[in-house]
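Take a look at the letters that make up each chain.
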Amino acid sequence: MSLSKPTVGIDPGNPWYSMLLCLRCRTVLSLLNGELACQACARTYPIDDGIPRFVPEEGYAEGFGYQWNRHRLTQLDSYSGMPISRDRVMNASGWSADELRGKTVLECGSGAGRFTEVLCETGAIVTSFDISSAVHANAASNSRFSNLRLLQASVYDLPLPEESFEYVICFGVIQHTPDVERTFKTLLRYVRPGGRFCIDVYAAPIAYLHPRHLLRPVTRRIPPAQLYGIVQKVAPKLLPLSMMFNAIPRVGPYLARLVPVANHRHLNLPNKKVMRDWSVLDTFDWLAPRYERPQTRRRLQRWAKELELSKVSIKRYRGLYVICGIK
Ligand SMILES: C[S@@+](CC[C@H](N)C(=O)[O-])C[C@H]1O[C@@H](n2cnc3c(N)ncnc32)[C@H](O)[C@@H]1O
């Protein structure tokens, strides 16, 4: 790494990395010969393109790395020119840009950074991480923000001090992890007492009625580039059929659900090309993940109770539950 080049992850003039901890012994890391090094146990962590890396490889999230690097821009508000991601963050969380300004925010599983962009625009100090190479897509789009701290890391093994963030946000992630309860509870450890959180998850049992569940046992085993090639060919052919079904009064939306293609007609996207891009991206996102484990409202209530969270609300938003509250 060139020390003269400011990067998203590491800026020597603004050493936020001094909050990063060794995964093995929890000692504060230092920058040494272009790597992060633990002075206590001698373990080192690479910095790839300015992003500190705390996972040896993407593992089960390889497909996500692939999809977000292919679709780096598709869902960014600054690219679509529509406040879709911004509205989702603000409506789901009930937080305002004013309240977030200057606050510490932790974002888990940031993908290509559609929500990272929204959070950074509020002026919050945003620490964002993802287990996959999606962090490089995020960096390419959001490196203009000096308030962004980006890491490649897993929620199960974070180099961050616990109870240190005023806000924690996580959208579209926990159902795709191997142990959803552990993910939820681990993430909550990083919220400071009195801090706020907002996490969404696919809603069970309704999510299981989707036809992707018939296909995923096969499609999730196909290498990402190959599966993407198939989806890129098939999704644009199925989309008009899904649109046609949707136009049928009353029964249409139910019929459309039988067609295994993501259809974002509710977003009023500006043209057919943009609709196709979103459709290919989200159809791949349905079919590729190794894990997809929707959760019931009752289970979320139980976890919130076990963690003694307060002011908890669980709202239904389309196929999701959104759980927010205070630690
Ligand atoms: C469906 S994507 C959602 C990305 C982004 N939040 C969005 O909504 O656009 C799920 C993301 O979670 C990440 N992820 C999965 N398991 C993770 C883990 N254990 N730690 C951190 N990120 C993880 C994946 O790499 C992927 O980028």
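Residues numbered from 1 in each chain as written. Predicted model: local features only at pLDDT ≥ 70, side-chain atom pairs only at ≥ 80, totals over all residues. Heavy atoms only, no water.

**Student:** Which residues make up the overall build of the protein, and what are the values?
**Tutor:** A count of helical and extended segments in the protein gives twelve helices and twelve strands. For 327 residues, the compact-globule formula gives about 20 Å, and the C-alpha radius of gyration of the protein, at 20 Å, lands near that figure. In terms of overall dimensions, the protein has a C-alpha envelope of 65 × 45 × 35 Å along the principal axes. Counting all 327 residues of the protein, 53% fall into the buried class. Accessible area for the protein stands at about 14,900 Å²; split by element, carbon and sulfur atoms hold 53% of it. (Helix = DSSP H or I, 4+ residues; strand = E, 2+ residues; numbered from the N terminus. Rg over C-alpha atoms; globule rule 2.2 N^0.38 Å. Buried < 20%, exposed > 50% of the residue type's maximum accessible area, 1.4 Å probe, protein only. Areas by Shrake-Rupley, 256 points an atom, 1.4 Å probe, with all protein chains shown as cover.)

**Student:** I'd like a rundown of the environment of E166, residues and numbers included.
**Tutor:** Inspection of the secondary structure puts E166 in strand β9 (residues 165-170). By relative accessible area, E166 is classed as buried at 18%. The contacts of E166, once residues within four sequence positions are left out, are K103, T104, R192, G195 and R196. A polar atom in the side chain of E166 sits 2.8 Å from the backbone nitrogen of T104. (Contact = heavy atoms within 4.5 Å. Polar contact = N/O pair within 3.5 Å; in protein donor to acceptor, adjacent residues only side chain to side chain.)

**Student:** Go over the confidence of the model for the protein, please, and point to the residues and values.
**Tutor:** Taken over all residues, the pLDDT of the protein has a mean of 93, while the share at 70 or more is 96%. A low-confidence stretch, residues 1-7 stays under pLDDT 50, and its non-local contacts, those more than four residues away or across chains, total six contacts. (pLDDT = per-residue confidence, 0-100.)

**Student:** Kindly report on the nonpolar core, identifying the contributing residues and their values.
**Tutor:** Membership of the largest hydrophobic core comes to 43 residues, with the highest contact counts inside it found for L20, L36, F54 and I199. In terms of domain composition, this core takes at least three residues from each of domain 1 (1-53) and domain 2 (57-203 + 297-326). Once residues within four sequence positions are removed from consideration, F54 is found in contact with L20, L21, L23, L29, L36, Y45, L151, Q152, A153 and P159. Counting residues in each nonpolar core, the second largest holds 25 residues, with V89, A92, F115 and I169 among its members. (Core = buried A, V, L, I, M, F, W, Y, C linked by side-chain atoms within 4.5 Å. Domains from an automatic or database assignment.)

**Student:** Describe the packing of aromatic side chains, and please don't skip the residues or the numbers.
**Tutor:** Overall, the coordinates contain nine aromatic pairs when judged by the stated rule. Between Y60 and Y291, the aromatic rings sit 5.2 Å apart at their centres with planes inclined by 70°, giving edge-to-face as the arrangement. A residue pair is termed long-range when its members are at least 10 positions apart, and Y60 in the loop between β5 (51-52) and α1 (62-70) and Y291 in the loop between α11 (272-287) and α12 (297-306) qualify at 231 residues. A centroid spacing of 4.8 Å and a plane angle of 75° characterise the contact between W95 and Y167, whose relative ring orientation is edge-to-face. On the criterion of sequence distance, the pair formed by W95 in the loop between α3 (84-93) and α4 (97-100) and Y167 in strand β9 is long-range, its members being 72 residues apart. Exposure class is identical for W95 and Y167. Each is buried. Taken together through their ring pairs, the aromatic side chains of Y66, Y228 and F284 make up a single cluster. The lysine or arginine in question, R182, covers the ring of Y156, its NZ or CZ lying 4.0 Å from the ring centre. Geometry around Y321 places R316 over its ring, the cationic atom sitting 5.6 Å from the centre. (Phe/Tyr/Trp six-rings, centres within 6.5 Å; stacked < 30°, edge-to-face > 60°. Lys NZ or Arg CZ within 6 Å of the ring centre and 35° of its normal.)

**Student:** Before we move on, could you go through the sheet that holds strand β8 (residues 148-152) and cite the residues and values that matter?
**Tutor:** With respect to topology, seven strands assemble into an open sheet ordered β8-β7-β6-β9-β10-β12-β11, the strand pairing being mixed. One side of each edge strand has no neighbouring strand; the edge strands of this open sheet are β8 and β11 (310-317). Direction aside, neighbouring strands of the sheet carry axes that sit 15° apart on average. Looking at chain direction, β9 and strand β10 (residues 191-202) are connected through five bridges and run parallel. Opposite C170, over in β10, you have I199 as the bridge partner. (Pairing = 2+ DSSP bridges. Axes fitted to C-alpha atoms, helices over the stretch in contact; angles between N-to-C directions.)

**Student:** Summarise the side chain of R212; cite the residues concerned and give the values.
**Tutor:** Mapped onto the elements of the fold, R212 is located in helix α8 (residues 212-219). Among the polar contacts listed, one links the side chain of R212 to the side chain of E292, at a separation of 2.8 Å. Discounting residues that sit within four places of it in the chain, R212 has contacts with Y202, A207, W286, L287 and E292.

**Student:** Please set out the site of the ligand residue by residue, giving values where relevant.
**Tutor:** Near the ligand, the surroundings consist of 22 residues, among which Y60, G109, D130, V155 and F171 are the closest. Y60 places a side-chain nitrogen or oxygen 2.7 Å from a nitrogen atom of the ligand. Contact between the ligand and S154: a nitrogen atom at 3.2 Å from a side-chain N or O atom of the residue. The protein chains hide 96% of the 600 Å² of surface that the ligand would expose on its own. Broken down by secondary-structure element, the contributors of at least two residues to the shell around the ligand are α1, α5 (114-121) and β7 (125-130). (Near = heavy atom within 4 Å.)

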